[in-house]
Amino acid sequence: MTIRKVETTPFSDQKPGTSGLRKAVTTFQQPHYLENFTQSIFDSLEAFQGQTLVVGGDGRYYNRQAIQTIIKMAAANGFGRVKVGHRGILSTPAASCVIRKYGAFGGIILSASHNPGGPNGDFGIKYNIGNGGPAPEKVTEAIFARTKSITEYRILDVPDINLDELGTSTVGDMVVEVIDSVADYQELLESLFDFDRIRQLLTGTNFRMCMDSMHAVTGPYATAIFEDRLGAPAGTVMNGVPLEDFGDGHPDPNLVYAHDLVEILFGDNAPDFGAASDGDGDRNMILGRNFFVTPSDSLAVLAANAQLVPGYKDGIAGIARSMPTSAAADRVADRLGIECYETPTGWKFFGNLLDAGKATLCGEESFGTGSNHVREKDGLWAVLFWLNILAVRQQSVEHIVREHWQLYGRNYYSRHDYEGVDSDRANTLVSKLRDMLPSLKGKPLGGYTVDYADDFSYTDPVDGSTSSKQGIRIGFTDGSRIVFRLSGTGTQGATLRVYLESYEPNIAKHNLDAQDALKPLIDIAEEVAQIRQYTGMDKPTVIT
Ligand code: G16
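These figures come from a predicted structure and were not determined experimentally. (Residues numbered from 1 in each chain as written. Predicted model: local features only at pLDDT ≥ 70, side-chain atom pairs only at ≥ 80, totals over all residues. Heavy atoms only, no water.)

**Brief notes about helix H8 (residues 218-229)**
Defined as follows: Exposure is judged per residue with a 1.4 Å probe applied to protein chains only, and the accessible area is read against the type maximum: over 50% gives exposed, under 20% gives buried, and values in between give partly exposed. Only DSSP runs of H or I covering at least 4 residues are called helices, and only runs of E covering at least 2 are called strands; the numbering of each starts at the N terminus.
Within H8, the full set of buried residues consists of Thr218, Gly219, Tyr221, Ala222, Ala224, Ile225, Phe226 and Glu227. Immediately beyond the C-terminal end of H8, within one or two residues, lies glycine 231, with a positive phi of roughly 80 degrees.

Listed below in structure tokens is the structure:
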């Protein structure tokens, strides 16, 4: 076995974002680019010699090539074993599950999540630690620091392994095991949900569902679980074959990009339930017949109904939500007498709360929901959770959500995204807002009065670490909020996200369109941030 040591020079743009390093495929295809980042990951870890590394990705273009490189580098750096998904496929939650189940040292997941794929699309790489979750900031910062000083990487000169055949082989002294991508994950989900009851629902004559895998990673998982195991009719899973370019689509499960599904659920003779998941299978969108469930409401409804689901029947310890996510879940936590934690955007911030047993369910407005069963958000888990509730309650999605609003009040919610904004102009918008914050408190704006205005800062209750500048919040005395932040996952220019929320306790006012209900806040957002002027756009590119 010859370890080849390759001289290299740093790239200046390898700072991990909200969820790993995401760049255009063409950026990753530059000589040494992937190798530098991979070596920087390994150089930032300690005591992994002889240990197991899990590797897999969402199947997008460049997945297979990257996996071959990473395996050869893992062998050259002294890992004892790599567990890699069949055909290179592991959804993000499945990778988290495999890391935890087999006590792996960590894992490398190749994905740019919901970003488009293909030769002209995006690629990404992220490192997950031994608890199965995204590397915390201190690890990603160490990786970034290393990328700036790297001079050499190590790789074996050996042939590629066969990713298409299950089984074990060796690369140098390292064992490589090509594992079934679905089995471990499916087994975990079966331990949490009442599969018999869900099967009755899906094979009965009163219920139809439609699952859109958007030609991304959940295709094989959803087909195995819903059609093969739970008996849903063939064709229940649409766009179920993972394609390297996601069929030229944008695998982001929201009302804009999952339009195939939206048309079906809002069309004639619509099914009772619809769901979609994203590129790497951690996001989900839930629809009823002619009805959209906001991710913030979804988290609240799951928490309020958790006792109906076997895996959570003994109650949940706490809930955690990202700061821009609506406070609907807080109201459920209040009633249950449990804590609701507010963290910065990024699933990595939930890891400590889950490990410490402080939170059981977590969720984000960006179509992410999950629990302590893994350390990632989990799209199909959320779909099964909903199906389990529907199977027990025998009511429609809309009925369940409306009843929830009656009990807790409705948090009207929407996110406006301005994509592809010039980075300098976006940064100016944010710094101007930041400068304005001290003068806003107590000020009347529209029909509202500002209660607080700050830049969100978080102190982790478990390890005491702090993260500042996590989003600008303007909160009003009636509980309404506007939040501004720049996305940490985009690859072209900047994406400005404006999050809008108002609380409506009055049942008679629960039937408004969210955009109408939030209009006064939308106007205030424009007034304070001058969005049109700075973005050069007169409306958002995506509204969810
Ligand atoms: C990632 C993170 C999420 C985050 C989302 C949006 O999701 O894992 O925690 O909410 O990005 O982040 P941003 O607003 O910075 O773009 P995913 O599904 O892209 O991995």
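Picking up where we left off.
**Brief notes about the domain arrangement of the chain**
Heads up, the condition is: Residue ranges assigned to the domains are those given by an automatic or database domain assignment. Between two residues, a contact is recorded if the distance between any of their heavy atoms is within 4.5 Å. Note on terms: buried area is the combined drop in 1.4 Å-probe accessible area of two parts once they are placed together, counting the loss on both. Just to be clear on terms, a salt bridge is a Lys or Arg side-chain nitrogen sitting within 4 Å of an Asp or Glu carboxyl oxygen. In protein, a polar contact means a hydrogen-donor-capable atom and an acceptor-capable atom, both N or O and within 3.5 Å, with residues adjacent in sequence counting only if both atoms are side-chain atoms; elsewhere, any N or O pair within 3.5 Å suffices.
Taken as a whole, the chain is organised into domain 1 (3-181), domain 2 (185-406) and domain 3 (410-543). Here domain 1 and domain 2 have C-alpha centroids that lie 28 Å from each other. Across the boundary between the two partners, domain 1 contributes 34 residues, which contact 33 residues of domain 2. Buried surface at the junction of domain 1 and domain 2, both sides included, amounts to about 2,500 Å², of which 57% is carbon and sulfur. Run the count over domain 1 and domain 2 and you get two salt bridges. Here lysine 101 makes a salt bridge to glutamate 187, at a shortest N to O gap of 3.2 Å. The tally of links from domain 1 across to domain 2 stands at 15 residue pairs in polar contact (both at pLDDT 80 or more). Those elements giving two or more residues to the side of domain 1 that touches domain 2 turn out to be helix H4 (92-101) and strand S6 (122-128).

**Considerations on the nonpolar core**
Worth spelling out the cut-off: Here, nonpolar core refers to any group of buried Ala, Val, Leu, Ile, Met, Phe, Trp, Tyr and Cys residues whose side-chain atoms link them within 4.5 Å.
Counting residues in each nonpolar core, the largest one holds 73 residues, and the members touching the most others are Phe226, Phe273 and Leu387. The dominant element in this core, judged by the number of residues it contributes, is helix H13 (residues 379-393), at eleven residues. When we break this core down by domain, the ones giving at least three residues each are domain 1 (3-181) and domain 2 (185-406). Leave out the neighbours within four places in its chain, and phenylalanine 273 touches Phe207, Arg208, Met209, Cys210, Leu265, Ile286, Leu287, Val383, Trp386, Leu387, Leu390 and Val397. Core analysis: the second largest hydrophobic core is formed by 43 residues, Val25, Tyr33, Phe48 and Phe123 among them.

**As for unusual backbone geometry**
With a phi close to 55 degrees, methionine 214 is a non-glycine residue in the positive phi region. Position of methionine 214 relative to the elements: it lies in the loop between strand S10 (209-212) and H8. The class for methionine 214 is buried, based on a relative accessible area of 8%. With a phi angle near 55 degrees, phenylalanine 246 is a residue other than glycine that sits in the positive phi range. Considering the arrangement of structural elements, one finds phenylalanine 246 in the loop between strand S11 (237-238) and helix H9 (259-265).

**Comments concerning the packing of aromatic side chains**
What counts, and what does not: In this scheme Phe, Tyr and Trp rings, the latter by its six-membered ring, pair at centre separations within 6.5 Å, and the angle between planes marks the pair as stacked below 30 degrees, edge-to-face above 60, and tilted otherwise. Here, a charge over a ring is recorded when the distance from Lys NZ or Arg CZ to the ring centre is within 6 Å and its angle to the ring normal is within 35 degrees.
If you walk through the whole model with that rule in mind, you get 20 aromatic pairs. Summarising the aromatic geometry, the rings of phenylalanine 48 and phenylalanine 105 are spaced 6.1 Å apart at their centres and angled 65 degrees between planes, so their arrangement reads as edge-to-face. Here phenylalanine 48, found in the loop between helix H2 (33-43) and strand S3 (52-57), pairs with phenylalanine 105, found in the loop between H4 and strand S5 (106-110); they are 57 residues apart in sequence, far enough to count as distant. Owing to a relative accessible area of 5%, phenylalanine 48 belongs among the buried residues under this scheme. Look at tyrosine 312 and tryptophan 381: their rings are 6.3 Å apart centre to centre, the planes differ by 85 degrees, and that puts the pair in the edge-to-face class. A residue pair is termed long-range when its members are at least 10 positions apart, and tyrosine 312 in the loop between helix H10 (295-304) and strand S15 (318-322) and tryptophan 381 in helix H13 qualify at 69 residues. Taking relative accessible area as the criterion, tyrosine 312 reaches 3% and is therefore assigned buried. An aromatic cluster is built from Phe11, Phe28, Tyr33, Tyr62 and Phe123, whose rings are joined through pairwise contacts. A cation over an aromatic ring shows up here: lysine 83 above the ring of tyrosine 102, its NZ or CZ 3.9 Å from the ring centre.

**Considerations on the site of the ligand**
The condition is simple: Here, proximity means that at least one heavy atom of the residue falls within 4 Å of the molecule or strand. Computed by Shrake-Rupley with a 1.4 Å probe, the accessible areas treat only the displayed protein chains as cover when residues are assessed.
The full set close to the ligand counts 19 residues, and Glu364, Arg485, Ser487, Gly488 and Thr489 are the nearest of them. The contact in question runs from an oxygen atom of the ligand to an N or O atom on the side chain of arginine 283, over 2.8 Å. Relative to its unbound accessible surface of 460 Å², the ligand loses 99% to contact with the protein.

**A word on the environment of isoleucine 3**
The residue isoleucine 3 is located in strand S1 (residues 3-7) in this model. Distance from isoleucine 3 to alanine 76, taken between C-alpha atoms, is 5.8 Å for residues 73 residues apart in sequence. Ignoring any residue separated from it by four or fewer positions in sequence, one finds isoleucine 3 in contact with Ala76, Arg154, Ile155 and Leu156.

**Looking at the sheet that holds strand S20 (residues 444-445)**
Heads up, the rule is: In this description, strands pair whenever DSSP reports at least two bridges between them.
Spatially, seven strands are ordered S20-S21-S24-S25-S26-S19-S27 in an open sheet, and the strand pairing comes out antiparallel. Edge positions in the open sheet fall to S20 and strand S27 (542-543), since each of these has one partner strand only. Summarising the sheet, strand S21 (residues 448-455) and strand S24 (residues 472-476) pair through five bridges and their orientation is antiparallel. Paired with valine 450 across the two strands is phenylalanine 476, which belongs to S24.

**Structural notes on H13**
To be explicit about the condition: Expected helix span is given by 1.5 Å per residue-to-residue step, counting one fewer step than there are residues.
With 15 residues, H13 extends 21 Å between its outermost C-alpha atoms, agreeing within 8% with the 21 Å of an ideal straight helix rising 1.5 Å per residue. Two to three positions downstream of the cap, the backbone nitrogen of leucine 380 sits 3.4 Å from a side-chain oxygen, assigning the N-cap of H13 to aspartate 378. Of the residues trailing H13, glutamine 394 is marked for its positive phi of about 55 degrees.

**Looking at the pattern of salt bridges**
Going through the model one piece at a time under the given rule, you end up with 30 salt bridges. One salt bridge in this structure joins arginine 229 and glutamate 190, with 3.1 Å as the shortest N-O distance. Of this pair, arginine 229 sits in helix H8 while glutamate 190 sits in helix H6 (residues 183-192), and the two are 39 residues apart along the sequence. Look at arginine 229 and you get partly exposed, because its relative accessible area is 25%. Residue glutamate 190 is classed as partly exposed on the basis of its relative accessible area of 29%. One salt bridge connects arginine 481 with glutamate 342, and the closest N-O pair in it is separated by 3.6 Å. Taken as a pair, arginine 481 in strand S25 (residues 481-486) and glutamate 342 in strand S16 (residues 339-343) lie far apart in primary sequence, 139 residues in all. By relative accessible area, which is 7% here, arginine 481 ends up buried. According to the relative accessible area criterion, glutamate 342 is partly exposed, its value standing at 24%.

**Section: the side chain of serine 111**
Mapped onto the elements, serine 111 comes out in the loop between S5 and S6. Residue serine 111 is classed as buried on the basis of its relative accessible area of 5%. Not counting the four nearest positions on each side in its chain, serine 111 is found in contact with Arg22, Asp58, Arg60, Phe123, Gly124, Ile125 and Asp280.

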